[in-house]
Each structure stands twice: as structure tokens, then as C-alpha cells.
Amino acid sequence: MTRIRKELVAVFADRTSQQWIVRDPEGNFWLIPPVPNPWDHRQPFQPSEETDLLPVPGHYKDTIGLPF
């Protein structure tokens, strides 16, 4: 039997910086700026000890403007 794996991203809100953060399927974190087509303008993000990431429900991906 062939299993199809759906690539998923995880969306977080960082309480410290009040920014959207996305973890891609490879485990990389990205800061998503509040601009049109935000995924095209993403910036690498490295969580620190001060980072306070809160998981956000997946349906917010449309609100943020993520393409997946």
C-alpha cells in the first residue's frame, strides 16, 4: 500500500515580538512579515530563550496569506 504524505507547516504567534512564525516541513522557522504575499518575503527565524511561541490553528494560514 502506498501512503501519501501531506506536507504540513505549523503556524505560531510569537508573544515576544508579536509576529507570525512558521515552521516548514523540514523544521526551519520563518518570520512572516505583514505584507502582501508574505511567504515570498519570509525571513529566517531562530528561536531564542525569550521566544514564546503559541501554536495557532491551521485555518489562520488563509488569514496570514500563506500559499499552503
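Scroll up to find the structure.
Figured I'd write up the structure that's included with this text. (Residues numbered from 1 in each chain as written. Predicted model: local features only at pLDDT ≥ 70, side-chain atom pairs only at ≥ 80, totals over all residues. Heavy atoms only, no water.)

**A few points about the overall build of the chain**
In step 1: In terms of helices and strands, the chain carries one helix and five strands.
In step 2: Reading the chain from its N terminus to its C terminus gives the helix and strand order β-β-β-β-β-α.
In step 3: Each of the 68 residues in the chain was classed as buried or not, and the buried ones make up 29%.
In step 4: Total accessible area on the chain stands at roughly 5,300 Å², and carbon and sulfur atoms take up 50% of it. (Helix = DSSP H or I, 4+ residues; strand = E, 2+ residues; numbered from the N terminus. Buried < 20%, exposed > 50% of the residue type's maximum accessible area, 1.4 Å probe, protein only. Areas by Shrake-Rupley, 256 points an atom, 1.4 Å probe, with all protein chains shown as cover.)

**Some details on the pattern of salt bridges**
In step 1: Applying the stated rule across the entire model yields one salt bridge.
In step 2: Among the salt bridges present, the one from Asp 52 reaches Arg 15, with a minimum N-O distance of 3.8 Å. Placement of Asp 52 in the loop between β4 (43-44) and β5 (53-56) and of Arg 15 in the loop between β1 (10-14) and β2 (19-23) is noted, with a sequence separation of 37 residues between them.
In step 3: Judged by its relative accessible area of 32%, Asp 52 is partly exposed. (Salt bridge = Lys/Arg side-chain N within 4 Å of Asp/Glu carboxyl O.)

**Structural notes on unusual backbone geometry**
In step 1: One non-glycine residue, Gln 18, lies in positive phi territory at about 55°.
In step 2: Along the chain, Gln 18 falls in the loop between β1 and β2.
In step 3: With a phi angle near 55°, Asn 37 is a residue other than glycine that sits in the positive phi range.
In step 4: Of note, Asn 37 is situated in the loop between β3 (29-32) and β4.

Treat this as a map of the structure, not an account of what it does.
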